[in-house]
Amino acid sequence: MTSRHQTISLIGMPGAGKSTVGVILAKRTGLAFTDTDLAIQVREGEILQDIVDRVGNPRFRHIEEEVLLEVPLDDAVVSTGGSVIYSDAVMQRLRAAGPVVYLAADLATLEARVAANPLRGIARGAGQSYADVYAERCPLYEQYADIIVDAAAGNADAVADAIFRALP
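Conventions adopted
Residues numbered from 1 in each chain as written. Predicted model: local features only at pLDDT ≥ 70, side-chain atom pairs only at ≥ 80, totals over all residues. Heavy atoms only, no water. Helix = DSSP H or I, 4+ residues; strand = E, 2+ residues; numbered from the N terminus. Rg over C-alpha atoms; globule rule 2.2 N^0.38 Å. Buried < 20%, exposed > 50% of the residue type's maximum accessible area, 1.4 Å probe, protein only. Contact = heavy atoms within 4.5 Å. Areas by Shrake-Rupley, 256 points an atom, 1.4 Å probe, with all protein chains shown as cover. Lys, Arg positive; Asp, Glu negative; His and termini not counted. Charge placed at Lys NZ, Arg CZ, Asp CG, Glu CD. Salt bridge = Lys/Arg side-chain N within 4 Å of Asp/Glu carboxyl O. Pairing = 2+ DSSP bridges. Axes fitted to C-alpha atoms, helices over the stretch in contact; angles between N-to-C directions.

Describe the overall build of the protein chain, and please don't skip the residues or the numbers.
For the protein chain, the helix and strand inventory stands at eight helices and five strands. Counting from the amino terminus, the protein chain carries its helices and strands in the arrangement β-α-β-α-α-α-β-α-β-α-α-β-α. Scaling as 2.2 N^0.38, a compact globule of 168 residues should have a C-alpha radius of gyration of about 15 Å, and the protein chain matches this with 15 Å. Here the C-alpha coordinates of the protein chain stretch approximately 45 × 35 × 25 Å along the principal axes. Counting the 168 residues in the protein chain, one finds 45% classified as buried. Taking contacts inside the protein chain between residues at least 6 apart in sequence as the whole, the part at least 24 apart equals 72%. Roughly 7,600 Å² of accessible area belongs to the protein chain as shown, and the carbon and sulfur atoms make up 52% of that amount. Separation of charge centres in the protein chain, based on 15 positive and 22 negative side chains, amounts to 3 Å.

As structure tokens, then:
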């Protein structure tokens, strides 16, 4: 790990593997690991899906933005929630801290992973399917990404290795 990369932020859809890959990448780089979904849960005192159900999607995004504008970013691999890309202020903060890596995957792979974890919180509008959210978010992930890695190409170790190799 070079001193140029004090923070690496991971973005992508729920099911892309940001938390799993993030822990592996943190171990490989010697950086701390920060999971912003966990930071939101700790602050709010309940799991993500319960927060979304209680306050609704717009309020959840506001809570997410507050947490991500406050959470320490120094010397860490940061796993973000899937809806982080809706906040330009947060994305500018993440980009200023270091490279932003988009863990991209095809819709079928992501749907299968999410189906395997039905308690996963997904911030989405009323009536929006996972496919709708995918179509809406992918262009935003691409817009903010400094590096794009195929999160469906191999296991979490292989994805972490691909990120590590892609760092400038």
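Moving on, there is more to tell.
Describe the environment of Arg61, and please don't skip the residues or the numbers.
Tracing the backbone shows Arg61 in helix α4 (residues 57-70). Separated by 11 residues in sequence, Arg61 and Pro72 place their C-alpha atoms 19 Å apart. Sequence-distant contacts of Arg61, defined by excluding residues within four places in its chain, comprise Ser83, Tyr86 and Glu136.

Break down the pattern of salt bridges for me, with residues and values.
Should their charged atoms come close, side chains of opposite charge can pair. Per the stated rule, a full pass over the model turns up six salt bridges. Here Arg43 ties to Glu44 by a salt bridge, and the two come within 3.1 Å at their closest N and O atoms. Judged by relative accessible area, Arg43 falls into the partly exposed class, the value being 36%. For Arg54, the salt bridge identified is with Glu44, shortest N-O distance 3.4 Å. You can see Arg54 sitting in helix α3 (residues 48-55) and its partner Glu44 sitting in helix α2 (residues 36-44), a full 10 residues away along the chain. One salt-bridge network, in which partners are shared between bridges, spans Arg43, Glu44, Glu46, Arg54 and Glu66.

Would you mind going over the sheet that holds strand β5 (residues 147-150) in detail, with residue names and values included?
Taken in spatial order, the five strands line up as β2-β3-β1-β4-β5 in an open sheet, and their pairing is parallel. Each edge of the open sheet is held by one strand with a lone partner, namely β2 (32-35) and β5. Direction aside, neighbouring strands of the sheet carry axes that sit 20 degrees apart on average. Across three bridges, the pairing between strand β1 (residues 7-11) and strand β4 (residues 100-104) is parallel. Following the sheet pairing, Leu10 is matched in β4 by Val101. Docked against the sheet, α2 engages β2 and β3 (76-79), running at close to 60 degrees with respect to β2. With respect to the sheet, helix α8 (residues 156-166) is in contact with β1, β4 and β5, its orientation differing from that of β5 by roughly 155 degrees.

Any functional reading would require information beyond the geometric quantities listed.
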